[in-house]
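Take a look at the letters that make up each chain.
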Amino acid sequence: MRHLPFFFFAAALLFSCTATSDLVQVTNQGPAQGSTYSISYLVPEGTDYRKGIDSILIAMDEQMSLWVEESEISRLNKGDSVRISSAFARVITLSKLYTELTSGQFDITIAPLIKAWGFSGGSYNENVNVDSLLQFVGSSNLAIPEADSLYALPKGFQVDVNAIAQGYTVDVIANYLTAMGVENYMVEVGGEVRCKGENISGHRWRIGIEKPVEDRISGQFQTIITLDSMSLATSGNYRKYWVTENGQKVVHTIDPETGRPVISNVLSASIIASNATLADALATACMVAGPNAMQLVAQFPDVEAYLIVGNKKGELEIQQTKGWLAFEAN
């Protein structure tokens with residue numbers, strides 16, 4: 001998103017709370033992972049899982065945040081050996097898998113390139129030595145980590161999991177709520193979403209996908225979908241970019257093969273999948289794939305895609321999989 005720490009926000013449209021049976025709708029909100037979170041769930045009155053949710057968010061930052069100096073990922077990127085946590089080990093393992101499944105269009109080892117192009121805390125310059133950095137790109141060089149064991153990156157390598165960590169966090173929180181017996185929830189972290197059941201009004205959760213325009217006003221959506229037992233992730237380039245002295249935009253989506261920012265008329269890619277981790281990674285891969293995004297998605301069963309594309313006239317066009325229509329709100 002993967003992303004403004006996440007690339008592109010999908011906003012949750014929540015209904016007002018009206019009593020249904022003996023449950024109430026609780027909403028926990030706040031800052032998280034360089035962005036925000038909003039989590040709503042139906043529980044008996046007096047029940048609130050904010051403490052458990054916040055503890056998960058803190059743990060994810062301590063493991064995978066590039067902005068926490070002593071996080072596990074920050075220490076790995078400094079060349080340290082780290083006793084890796086189970087969650088971070090799982091994210092690296094899944095990332096290696098998604099690199100293979102997307103033919104390298106999703107790759108967490110592009111961290112040096114992301115920084116060189118001025119993102120994730122890096123400083124932009126117009127003379128990026130791409131060739132020298134590409135030698136440190138390739139998830140196949142990463143060992144598969146074993147939880148609670150010492151782990152280190154190959155010399156010179158760094159990783160950036162921003163394009164998958166928020167989706168993974170959404171799944172962890174959703175699984176936590178399920179373990180607590182919650183049957184109806186909407187979990188959103190940094191724009192990545194997973195829903196189950198219904199909201200307090202007895203309807204499926206309604207999620208809006210933003211119109212990819214720089215001057216978008218609040219509540220302006222390209223489309224609205226309904227979700228139950230599914231996840232949504234959206235990635236886009238219309239917000240996070242640099243502008244060079246000659247007015248050229250340098251977007252944050254970096255192609256792991258060329259080492260350069262992607263040039264494409266795909267403005268945003270939204271993915272519906274059974275879990276937010278996969279949806280998050282695929283949304284990023286689709287932005288890299290650009291015009292070939294639909295062919296990429298076709299390789300994944302039960303995954304739907306919605307691309308917003310800018311044409312030569314400056315108008316927005318939609319490309320979507322056939323199954324996407326089943327999720328469109330009436």
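Because the structure is a prediction, the values reported are computed rather than measured.

Turning our eyes to something else, we now look at the overall build of the protein. Helices and strands together make up the secondary structure of the protein, namely 8 helices and 15 strands. Within the protein, buried positions represent 55% of all 330 residues. Total accessible area on the protein stands at roughly 14,600 Å², and carbon and sulfur atoms take up 49% of it.

Time to look at the sheet that holds strand β14 (residues 304-310). Ordered by their spatial adjacency, 8 strands build an open sheet running β2-β3-β6-β7-β10-β13-β14-β15, and the pairing between neighbours is antiparallel. With partners counted over all chains shown, the strands left at the sheet margins are β2 (23-32) and β15 (316-320), one partner each. For this sheet, the mean angle separating the axes of adjacent strands, direction not counted, is 15°. Where strand β10 (residues 230-236) lies against strand β13 (residues 266-273), 6 bridges are found, and the strand directions are antiparallel. By the bridge assignment, serine 231 is partnered in β13 with alanine 273. Set on the sheet, helix α6 (residues 162-179) makes contact with β3 (35-44), β6 (185-189), β7 (192-196) and β10; between it and β6 the angle comes to about 155°. Taken strand by strand, helix α7 (residues 276-289) contacts β7, β10 and β13, and its axis lies near 155° from that of β13.

All right, on to the environment of arginine 260 then. Mapped onto the secondary structure, arginine 260 falls in the loop between β12 (249-251) and β13. Placed 132 residues apart in sequence, arginine 260 and valine 128 show a C-alpha to C-alpha distance of 9.0 Å. Leave out the neighbours within four places in its chain, and arginine 260 touches Trp117, Val130, Thr253, Ile254 and Asp255.

Moving on: the packing of aromatic side chains. By the definition in use, this model includes 5 aromatic pairs. With centroids separated by 5.8 Å and ring planes inclined at 45°, the aromatic side chains of tyrosine 41 and tyrosine 49 adopt a geometry described as tilted. Just as tyrosine 41 is buried, tyrosine 49 falls in that class too. When the ring of phenylalanine 136 is compared with that of phenylalanine 157, the centres are 6.0 Å apart and the planes differ by 85°; the resulting orientation is edge-to-face. Residue phenylalanine 136 is found in the loop between α5 (130-134) and β5 (150-151), and its partner phenylalanine 157 is found in the loop between β5 and α6; the two are separated by 21 residues along the sequence. We classify phenylalanine 157 as buried; its relative accessible area is 8%. Members of the aromatic cluster, connected to one another through ring pairs, are Tyr41, Tyr49 and Tyr176.

Another aspect to go through is the pairing of β3. As a general feature of sheets, a regular strand has side chains that alternate between the two faces. Judged by how many residues are buried, β3 sits mostly within the fold: 8 of 10 residues are covered. The sheet contact formed by β2 and β3 spans 10 bridges and is antiparallel. When the bridges of β3 are listed, proline 31 appears paired with threonine 36. Adjacent in sequence and paired antiparallel, β2 and β3 are bridged by 2 residues, among which glutamine 33 carries a positive phi angle near 50°. Bridge count between β3 and β6: 5 bridges; the pairing is antiparallel. Each bridged residue has a counterpart across the sheet, and for serine 40 the counterpart in β6 is methionine 186.

Our next topic: the pairing of β7. Taking burial as the measure, the 5 residues of β7 include 4 buried ones, the bulk of the element. Strand direction decides the pairing type here: β6 and β7, joined by 5 bridges, are antiparallel. Bridged to valine 187 within β7 is arginine 194. Between β6 and β7, which pair antiparallel and follow one another directly, the connecting turn spans 2 residues, one of which, glycine 190, has a positive phi of 60°. Note that β7 and β10 share 3 bridges and pair antiparallel. Within the sheet, the bridge partner assigned to cysteine 195 lies in β10 and is methionine 230.

Scoring rules and cut-offs
- Residues numbered from 1 in each chain as written.
- Predicted model: local features only at pLDDT ≥ 70, side-chain atom pairs only at ≥ 80, totals over all residues.
- Heavy atoms only, no water.
- Helix = DSSP H or I, 4+ residues; strand = E, 2+ residues; numbered from the N terminus.
- Buried < 20%, exposed > 50% of the residue type's maximum accessible area, 1.4 Å probe, protein only.
- Areas by Shrake-Rupley, 256 points an atom, 1.4 Å probe, with all protein chains shown as cover.
- Pairing = 2+ DSSP bridges.
- Axes fitted to C-alpha atoms, helices over the stretch in contact; angles between N-to-C directions.
- Contact = heavy atoms within 4.5 Å.
- Phe/Tyr/Trp six-rings, centres within 6.5 Å; stacked < 30°, edge-to-face > 60°.

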